[in-house]
Every structure is written in C-alpha cells, then in structure tokens.
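Below, each chain spelled out in residue letters.
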Amino acid sequence: MSSDIPLADWTMGISRSALQDMLTTCARPDMLSFALGLPAAELFPTEKYAQSLARVLSNDPRSLQYGPPLQRLKQQVLEIMRLRGVHCREEQIFLTAGAQQGMHMLTRLLLNPGGRVVMEQMTYSGFQQVLQPYCPTILTVPTDLDTGMDVDAVERFLREEPRPSLIYSVADGHNPLSVSMSVEKRRRLVELARRFRVPIIEDDPYGLLFYGDSCMPPLRSFDADWVCYVGTFSKILAPGVRTGWLVVPENLVAPLSVIKESIDINMATLTQRAVSDYIGTGDLSDHLPVLRAEYRRRRDAMLLALQTHFPTGARWRTPESGLFCWVELPVQINGSELLRLAIDTEKIAFIPGFAFHAGNGPCLGSALRLNFSANSTAVIEDGIARLARIVNGLLSNRKLDDRRALH
Ligand SMILES: Cc1ncc(COP(=O)(O)O)c(C=O)c1O
C-alpha cells in the first residue's frame, strides 16, 4: 500500500539507482558479479583489524563515547597523502564517514539550489545522487578514453555566466570509464579552476590502486586553494569501516564541522580509533602492494579473457588504476537486453554503461562496466567466456535478422 505522505519536490524524479538494484541481485549466492566496485573480501585484513578493535575497546574508554575527530588519524592521513604525492597540513584534513559523505558535505557547502555543476557525461552515479536535492543545471563534457576529461569543453562552461559552482572529477581510475587523466590535462584543469575561481571536487578512491610503477599526481598536488580532495579507506582497507577524509583549504573546515554535526554529529569514535590503531601497526603499508599486485593479476586475467573470447569490434583500454574495465561492444548490442540475458541464462551481472550517463546528450547503449577486483582470475576467465557466448549469440542473431530484412 502506498502512503499519501507528500514528499519534497526534488524526490519526484528519483528512482533506485542501477547500483542499488545490483546490490540485491548480486547478493544471490549463485550470481557471478562483475557489477559492483567491491574490493576483494578475501584480502580484507580481518584478523589484524579485529585485534585493533579489541585493543581499542579494552584500552580506550572514549571509544564508545561521543567525541571529536581523532588527531592521530589525521596525522596518519597526512602520511597517506604524502604517498599520494600531496604535502598538506593537519589543519586541512577533515575526517568523514567515507567518500560519499565527503562529497555530500562539500556539495552542501558549495552548491546553491539550482546552481550549475560541470562534470563528465559518464560519471560516477553516486555523485549524481548527491546532486539531486539541489536540482542543479548539469553541464556535461565528453571524456577521451585515453587522456580523460575534455578540458577545453570545461573552459567553455567556465566562461559562461552564471559561473558554475563546482567541477567534479575522478582523475585516477575513472569510474566507470577507467581512464586516468593525462598530467597535462590535470595541470590545465587546475589552472582553469584557479583562473575562473571555480572549485574542483577531486574524488580519489582509486589513486593508490595503480598498476604501473607509481601513482599519477592528483589534482590536489597542483593546487591547495581550488581543489577539494576526497579520500577514502573503502578500497584500500575495507568499505565497511565507512571512514574517509577530505583535504580542503583550512577555512572550509569550520563550516564542514557544522555540516557534519547536522548529519551524524561526529565520526564513529570506535571505528576511527580502530582504523588508526590498525594503521599504527604498519600493516597498511604492507597491504597496499599486496592489493596492487593481486588487482593487477585480476585486471590482466580480464583483459586476456576479453581478448580471447569477445568479438572483433569490441573495444577496451588497459586500466592503469582503479577496479574497472570499460568495454564498448558493437552498436547492434543493447546493454539492457544483454544484462537481462546474462542474468537469466548465465547468472552473470554487470552494469550497462548508460547507468552512468549524466545530462541529456547521446549515450552509447552498448557499453559495459566490468569490475575485476571482486573475483579470482579463474572466475573472471570463466565469467568473461560465458558472457562472450551471449554477446556472440546476440550478434549472430542480429546478422541473421539483417539478412532476412534484405531478402
Ligand atoms: C568514484 C567513487 N567515488 C566514491 C565512492 C564511494 O566511496 P565510499 O565507500 O568511501 O563512500 C565510490 C565507490 O565505489 C566510487 O567509485
């Protein structure tokens, strides 16, 4: 039975996201999922984290009380940012309950209702959800799959009045497109932000999950005044800890505290202490290379399986960072139809590319986002072979239909 409770106007257009639907579908034990950006559960440092939790609970009486952000964790975040190539100060760190909350708070701080936001046509859907209550004008720019965001298109929007309130960017291991932005474009984007006085929200969950020799310099490393950096422990430790951080100009910290208080009063005192204790053991520094090596193996297994089984005409790049392969199939394939068949006949799930589409421009209906972090190499090989069978079957049917149409 539906209720008659009147909802706020902005909720008129909302529906469950494709990712939320997938969370339910993929929870089925018989499902092979390439759908979500789940880190590998078997690599979570469960025992060490359990020891940290137990230590904190028995040694620190404040761990179950309300309390301020943990200074020690902020100092540890400074070290992580140093690994990321950013030198910042403790006064610029703001602890959050994950990247999603960080983006919520920054958006609340920077965007007026009906304001203008610059982002890529294909963008992390979680950020699109953050924007919804503000009913903004979304200004979308294309993305080059080798070099990232079209910075010239960004400049055109920045020259317009009224000026946009913010630019959203995932410069490393883009979700869903998997591209990492070229250094040249990073420099230019930041230079534009500074020149036009429009802040960038740099969402960086994947910057430390790189598969080459070193990570790319984040946007924040080029500018401390116009880049608001969003970091998270979700992909490098575990999403269940719901702990992340912002690196922002110092004067934003006080208003962010007011916003944070209005949302959930303060950081989860127990979790921030346990995360800090865990980092204090030195295990995270050992854990990161393990993650990178294993995800690289899984990425390579996926690339090889795509090469072996997918039809000519399918295209993808080698992701240098992050957890996804972006695959563009021949246009005869319809992503929704493929997903339905994949779930019904092979119990395989993925996210069709159009689920990430922002704004009103044209959208390639035959693209897929495939996650490579959550399954073993053997499962990846098997799953991609089975998915390819469906793709090849659909393509043969289309050819048959075309021939029939000709006769
Ligand atoms: C680009 C991007 N931003 C933010 C998030 C959410 O991160 P968190 O779990 O820290 O809220 C994700 C999760 O997949 C993501 O891919």
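The notes below deal with the structure included here. Every chain's residues receive numbers from 1 upward, in the order its sequence appears when written. Residues qualify for local features only when their pLDDT is at least 70, as the model is predicted, and side-chain atom pairs are given and counted only at 80 or more; totals for whole chains, interfaces and linings, by contrast, use all residues. Side-chain descriptors were evaluated using all non-hydrogen atoms of the structure, hydrogens and water having been removed beforehand.

**Some thoughts on the state of the cysteines**
Here, a disulfide means two cysteine sulfur atoms that sit within 2.5 Å of each other. Applying the stated rule across the entire model yields zero disulfides. In this structure C88 is a free cysteine whose sulfur lies 13 Å from that of C228, the closest cysteine sulfur available. The buried label goes to any residue with under 20% of its type's maximum accessible area, the exposed label to any with over 50%, and the partly exposed label to all in between, with areas taken from a 1.4 Å probe on protein chains only. Of the residues examined, C88 reaches a relative accessible area of 11% and is grouped as buried.

**Describing unusual backbone geometry**
P162 follows E161 through a cis peptide bond whose omega is -5 degrees. Looking at the secondary structure, you find P162 in the loop between α6 (151–159) and β7 (166–169). Along the chain, N175 connects to P176 via a cis peptide bond; the corresponding omega equals 15 degrees. As for its placement among the helices and strands, P176 is situated in the loop between β7 and α7 (183–196). Per the convention used, a helix needs a DSSP run of H or I reaching at least four residues, while a strand needs a run of E reaching at least two, with both numbered from the N terminus.

**Considerations on the environment of L306**
Mapping L306 onto the fold places it in helix α10 (residues 283–309). Since its relative accessible area comes to 0%, L306 is described here as buried. Once the C-alpha coordinates of L306 and A385 are considered, the two residues, 79 residues apart in sequence, prove to be 7.9 Å apart. For this analysis, residues touch if any pair of their heavy atoms sits within 4.5 Å. Once residues lying within four places of it in the same chain are set aside, the contact partners of L306 are W316, C325, V327, L370 and I384.

**A word on the nonpolar core**
We define a nonpolar core as any set of buried Ala, Val, Leu, Ile, Met, Phe, Trp, Tyr and Cys residues linked to one another through side-chain atoms lying within 4.5 Å. Among the nonpolar cores identified, the biggest contains 78 residues, and F233, W245, F310 and L370 are the most heavily contacted of them. The element best represented in this core is α10, accounting for nine residues. By size, the runner-up hydrophobic cluster in this structure holds 25 residues, among which are M105, Y134, V248 and L252.

**Remarks on α7**
In this scheme, a helix's expected span is set at 1.5 Å multiplied by one less than its residue total. With 14 residues, α7 extends 20 Å between its outermost C-alpha atoms, agreeing within 8% with the 20 Å of an ideal straight helix rising 1.5 Å per residue. Along α7, the residues that are buried comprise K185, R186, L189, V190, L192, A193 and F196. Along the axis of α7, the buried positions cluster into a sector of 155 degrees, meaning they face one direction only. Lining the buried residues of α7 we find β5 (143–144), β6 (148–149), α6, β7, β8 (200–203) and β9 (227–232). Directions pointing from the helix axis toward each C-beta atom define the arc.

**Focus on the side chain of N375**
Among the secondary structure elements, N375 is positioned in the loop between β14 (367–371) and α12 (377–406). Sequence-distant contacts of N375, defined by excluding residues within four places in its chain, comprise L32, S33, F34, R298 and I380.

**Considerations on the site of the ligand**
Think of it this way: one heavy atom of a residue within 4 Å of a molecule or strand is enough to make that residue near it. The environment of the ligand is formed by 13 residues, the closest being A99, D203, Y206, T232 and S234. Polar contacts, as used here, are pairs of N or O atoms within 3.5 Å; protein pairs need one atom able to donate a hydrogen and one able to accept it. Residues neighboring in sequence count only if both atoms are side-chain atoms. In this structure, an oxygen atom belonging to the ligand sits 2.7 Å away from a main-chain N or O atom of A99. A distance of 2.6 Å separates an oxygen atom of the ligand from a polar atom in the side chain of Y206. Here the nonpolar group is Ala, Val, Leu, Ile, Met, Phe, Trp, Tyr, Cys and Pro; Asp, Glu, Lys and Arg are the charged ones; every other residue, Gly included, is treated as polar. Grouping the amino acids of the shell around the ligand by side-chain chemistry returns five nonpolar, five polar and three charged.

**Focus on the packing of α6 against α7**
All axes are obtained by fitting lines to C-alpha atoms, using only the stretch in contact for helices, and the reported angles, taken between N-to-C directions, cover 0 to 180 degrees. At a minimum axis separation of 10 Å, α6 and α7 run at an interaxial angle of 5 degrees. Overall, the two elements α6 and α7 adopt an arrangement that is roughly parallel. Here V151, D152, V154, E155, L158 and R159 of α6 lie close against α7, whose contacting residues are K185, R188, L189, L192, R195 and F196. Looking at the contact of α6 with α7, its residues break down into six nonpolar, no polar and six charged. Angle categories: roughly parallel below 35 degrees, roughly antiparallel above 145, roughly perpendicular from 65 to 115, and oblique for all the rest.

**Focus: the packing of aromatic side chains**
Two rings from Phe, Tyr or Trp (for Trp, the six-membered ring) form a pair when their centres are within 6.5 Å of each other. A pair whose planes differ by under 30 degrees is stacked, one over 60 is edge-to-face, and the rest are tilted. Counted according to the given criterion, the structure contains four aromatic pairs. Relative to Y168, the ring of F127 has its centre 3.9 Å away and its plane inclined at 5 degrees; by these criteria the two rings are stacked. Here Y168 lies in strand β7 and F127 lies in helix α5 (residues 125–131), a separation of 41 residues in the sequence. The pair formed by F127 and Y168 is uniform in burial state, with each residue classed as buried. Measuring from ring centre to ring centre gives 6.2 Å for Y211 and F372, while their planes differ by 65 degrees; the resulting arrangement is edge-to-face. On the criterion of sequence distance, the pair formed by Y211 in the loop between β8 and β9 and F372 in the loop between β14 and α12 is long-range, its members being 161 residues apart. Side by side, Y211 and F372 carry an identical accessibility label, which is buried.

**A closer look at the pairing of strand β2 (residues 93–96)**
Here β2 shows a buried face lined by I93 and L95 and a second buried face lined by F94 and T96. Pairing between β2 and strand β10 (residues 244–247): four bridges, direction antiparallel. Within β10, the position partnered with F94 by the bridge is L246. When DSSP finds at least two bridges between two strands, those strands are taken to pair.

**Description of the packing of helix α4 (residues 99–110) against helix α8 (residues 253–264)**
At a closest axis distance of 10 Å, the pairing of α4 and α8 adopts a crossing angle of 120 degrees. With respect to α8, the axis of α4 lies oblique. Remark: the crossing between α4 and α8 carries right-handed chirality. Touching Q101, M105, L106, R108 and L109 of α4 are P255, L256, I259, K260, S262, I263 and D264, all from α8. Of the residues belonging to the contact of α4 with α8, the class tally is seven nonpolar, two polar and three charged. Left-handed describes a crossing in which the near helix is turned anticlockwise from the far one by less than a right angle; the clockwise case is right-handed.

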